[in-house]
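Remarks on the overall topology
Each chain, letter by letter, is given below.
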There are 2 protein chains.
Amino acid sequence: MTDDQDTTGQDTTGQDTSGGAAAPPSSSTPQDGGELLRLDRQLCFALYSASNRITRLYRPLLDKLGLTYPQYLAMLVLWERSPRTVGELGDALDLDSGTLTPLLKRMEANGLVARRRDPADERRVIVELTDAGAALREPALSVPVTLACHFALPLDEVGPLRDRIKALLPPEKP
Amino acid sequence: MTDDQDTTGQDTTGQDTSGGAAAPPSSSTPQDGGELLRLDRQLCFALYSASNRITRLYRPLLDKLGLTYPQYLAMLVLWERSPRTVGELGDALDLDSGTLTPLLKRMEANGLVARRRDPADERRVIVELTDAGAALREPALSVPVTLACHFALPLDEVGPLRDRIKALLPPEKP
DNA sequence: CTCAATTATATTGCGCACAATTAAATTTGG
DNA sequence: CCAAATTTAATTGTGCGCAATATAATTGAG
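These numbers were taken from a predicted model, which means no experiment stands behind them.

All names here are of chain A. Where helix 2 (residues 69-80) meets helix 4 (residues 97-109), the axes come as close as 11 Å, and the angle between the chain directions of the two elements is 80°. In terms of axis orientation, helix 2 runs roughly perpendicular to helix 4. Counting all contacts with helix 2, which are made through Pro70, Gln71, Ala74 and Met75, the residues of helix 4 involved are Leu103, Arg106 and Met107. Taken together, the residues of the contact of helix 2 with helix 4 sort by class into five nonpolar, one polar and one charged.

Have a look at this one:
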């Protein structure tokens, strides 16, 4: 192994942008707009990969609380205000019922939330924290702190970066 | 440490959890630290949600190519250099064999790649683009352009934002 | 050469994400 | 008042992501 002809980091991690035709030896394609398809230039892949990595970083912390990362996000919403409909949860998390229904059922099976139909409108399902679910907030307080230690970014840049990412994609309201 | 990353005033929505009055904080939790758990302050949720949304934006474009977004990412890697082992693909995409093996089998079933054992080292599996897979590069060139139209960000800020995100989490190499 | 350790991929099981569909309750129009 | 349209969840089916485990090939020590 290590045969590895080339590949190594000849790809200028920085941003040369503007191409400039640095004589790329693409043996196959005649003349592409290949810069556009380079993985290391993709903002979307950076987001996708960062999201995957974050889930992996949360896992050991959340295992101790008996939560997955999406479940933890649902708990964040419920800790802010507890009786919520599935729809409100979906709006807050930008997830649909196909994701939330089984997730909430698992959380119910674990004793963190209770689910019941809204008597005033039987189409809706109300999700409410149990005492155990509310009590989990206390040990969860250390999670963001611990996770922030993995960020290779000064704390005062976290807020601006978050706001840039939030502004990147306008909210869909179909 | 890290009391909170601040960013402008603390009440954005003004939604109050209880009675709607001026929030007597003494009622529920003793001393909160609750700012840390607010969903709208979470950098990680911003990344998670942006990643989900991006996958949804890619879907209609990639459906026309017969690809999912993770499959498209694998194709980006293979379009850069085609015979690759599964391990090299996993390194490039930061995904493990449990994800890649079935993904590559589906791509093989769709005629985009061929998979074969490396004769020099039978433990490895070599993945190579088929002619159809290589030909798909051409129509894929328009995908990044079309997708970039959804970004609510000036083009000259895309590169810096991407690099910030890439720098956020140091690469794991265990 | 032999057997243990290492390496590379595959398999299994669980939990998301989401499109498409279904089902039930509510609202609305005639 | 009733039937059609709308709203809200749940269900179904596909495709990731990843931990844990299994399997097979290569390497390495004696």
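Now that the structure has been shown, we can carry on.
In this section: the packing of aromatic side chains. Tallied over the entire structure, the rule returns 10 aromatic pairs over all chains. Residues Tyr48 of chain A and Tyr69 of chain B carry aromatic rings whose centres are separated by 5.5 Å and whose planes lie at 90° to one another, so their mutual orientation is edge-to-face. A residue pair is termed interchain when its members come from two chains, as with Tyr48 of chain A in helix 1 (residues 43-63) and Tyr69 of chain B in helix 2 (residues 69-80). With a centroid separation of 4.4 Å and an interplanar angle of 25°, the aromatic rings of Tyr58 of chain B and Tyr69 of chain B are classed as stacked. Remark: Tyr69 of chain B occurs in helix 2 and Tyr58 of chain B occurs in helix 1 (residues 43-63); sequence separation between them is 11 residues.

Before going further, it helps to spend a moment on the protein's contact with DNA strand D. Surveying the vicinity of DNA strand D reveals 29 residues, the closest of which are Tyr48, Arg56, Thr101 and Lys105 of chain A together with Thr68 of chain B. Of all DNA strand D atoms lying within 4 Å of any protein atom, the proportion belonging to sugar or phosphate reaches 78%. A distance of 2.3 Å separates a phosphate oxygen of DNA strand D from a polar atom in the side chain of Tyr48 of chain A. A distance of 2.8 Å separates a phosphate oxygen of DNA strand D from a polar side-chain atom of Arg106 of chain B.

Close to DNA strand C lie 31 residues, the nearest being Thr68 and Gln71 of chain A together with Tyr48, Arg56 and Lys105 of chain B. By atom count, sugar and phosphate contribute 80% of the portion of DNA strand C lying within 4 Å of the protein. Here a phosphate oxygen of DNA strand C and a side-chain polar atom of Arg56 of chain B are 2.4 Å apart. The side chain of Thr101 of chain B places a nitrogen or oxygen atom 2.6 Å from a phosphate oxygen of DNA strand C. For the surface near DNA strand C, the elements supplying multiple residues, two or more each, are helix 2, helix 4 and strand 3 (121-129) of chain A together with helix 1, helix 3 (86-93), helix 4 (97-109), strand 2 (113-118) and strand 3 (121-129) of chain B. Taken together, the residues of the surface near DNA strand C sort by class into eight nonpolar, 10 polar and 13 charged.

What counts and what doesn't
Residues numbered from 1 in each chain as written. Chains lettered and ligands numbered in written order. Predicted model: local features only at pLDDT ≥ 70, side-chain atom pairs only at ≥ 80, totals over all residues. Heavy atoms only, no water. Axes fitted to C-alpha atoms, helices over the stretch in contact; angles between N-to-C directions. Helix = DSSP H or I, 4+ residues; strand = E, 2+ residues; numbered from the N terminus. Parallel < 35°, antiparallel > 145°, perpendicular 65-115°, else oblique. Contact = heavy atoms within 4.5 Å. Nonpolar A, V, L, I, M, F, W, Y, C, P; charged D, E, K, R; others polar. Phe/Tyr/Trp six-rings, centres within 6.5 Å; stacked < 30°, edge-to-face > 60°. Near = heavy atom within 4 Å. Polar contact = N/O pair within 3.5 Å; in protein donor to acceptor, adjacent residues only side chain to side chain.

These figures capture arrangement, not role.
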